[in-house]
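Structural description and commentary
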Amino acid sequence: MKSILRIVLAIITIAAAARVSFDLNISDQIVPITGQTLAVLVSAMLLPRWEALIAIVSYLALGAFGQPVFADGEYGMDKLTGNGAGYLWGFLLATFSVSTTRGYKDSRSLLSIMHGNVLGTAIILFVGFAVLAFHIGTQSAFSLGVTPYWAGAVAKILLGTLVVFGIRKSVK
């Protein structure tokens, strides 16, 4: 029962964080920043691997089948097949990688937690870039799908590290 509760809580947290959004103006380009990636990686760092994976797969399925859980309340199967689909699929690969590697290190240390967040963020950006590059070409994909998001990614890595570290310290 605790496992189901943690999974449902993770799904709700990710969906709620996807609604937390603001725009950054970087080099005359408006870049939307959401809390979605932050919540995905925090879940991957805190939940047991299978719970984290079930939460992400369930989250993606909810969005694909009509629940407005993606960023800006978006939903639909096209979100998992279009230009931005790689970022969503990157959540799954990042969750697997982060939840697997954290078992091999002292996952309570600040450095280890930051490492997990950097790894997860890099995976999400890479998978997002790869899918976007397939649709619009490599140069455009890098300039539109990676470069503008670094400032937000760094902020989310730092915030996620502090959140996970704080939770781990308080739950010894």
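Structure's up top.
As the structure is a computational prediction, the values presented were derived from the model and not from experiment.

A full pass over the atoms with the stated rule returns 2 salt bridges. A salt bridge links Lys 79 to Glu 74; the nearest nitrogen and oxygen atoms lie 3.1 Å apart. Lys 79 sits in the partly exposed class, given a relative accessible area of 27%.

Over its 18 residues, helix 1 (residues 2-19) extends 26 Å from the first C-alpha to the last, a length consistent with the 26 Å expected when each residue adds 1.5 Å. Where helix 1 is concerned, the buried positions are Ile 7, Ala 10, Ile 11, Ile 14, Ala 15, Ala 17 and Ala 18. One side of helix 1 holds all its buried residues, which, seen down the axis, span an arc of 165°. The outward face of helix 1, more than 90 degrees from its buried face, is lined by the exposed residues Lys 2, Leu 5, Leu 9 and Ile 12.

Before going further, it helps to examine helix 7 (residues 150-171). Compared with an ideal rise of 1.5 Å per residue, which puts 22 residues at 32 Å, helix 7 spans 31 Å between its outermost C-alpha atoms and is within 8% of the ideal. Among the residues of helix 7, those classed as buried are Gly 152, Ala 153, Lys 156, Ile 157, Gly 160, Thr 161, Val 164 and Arg 168. Along the axis of helix 7, the buried positions cluster into a sector of 165°, meaning they face one direction only. Facing away from the buried surface of helix 7 by more than 90 degrees, the exposed residues are Leu 162 and Ser 170.

Reading guide: rules and limits
- Residues numbered from 1 in each chain as written.
- Predicted model: local features only at pLDDT ≥ 70, side-chain atom pairs only at ≥ 80, totals over all residues.
- Heavy atoms only, no water.
- Salt bridge = Lys/Arg side-chain N within 4 Å of Asp/Glu carboxyl O.
- Buried < 20%, exposed > 50% of the residue type's maximum accessible area, 1.4 Å probe, protein only.
- Helix = DSSP H or I, 4+ residues; strand = E, 2+ residues; numbered from the N terminus.
- Expected span 1.5 Å × (residues − 1).
- Arc of directions from axis to C-beta.

Any link to function would need more than the numbers given here.
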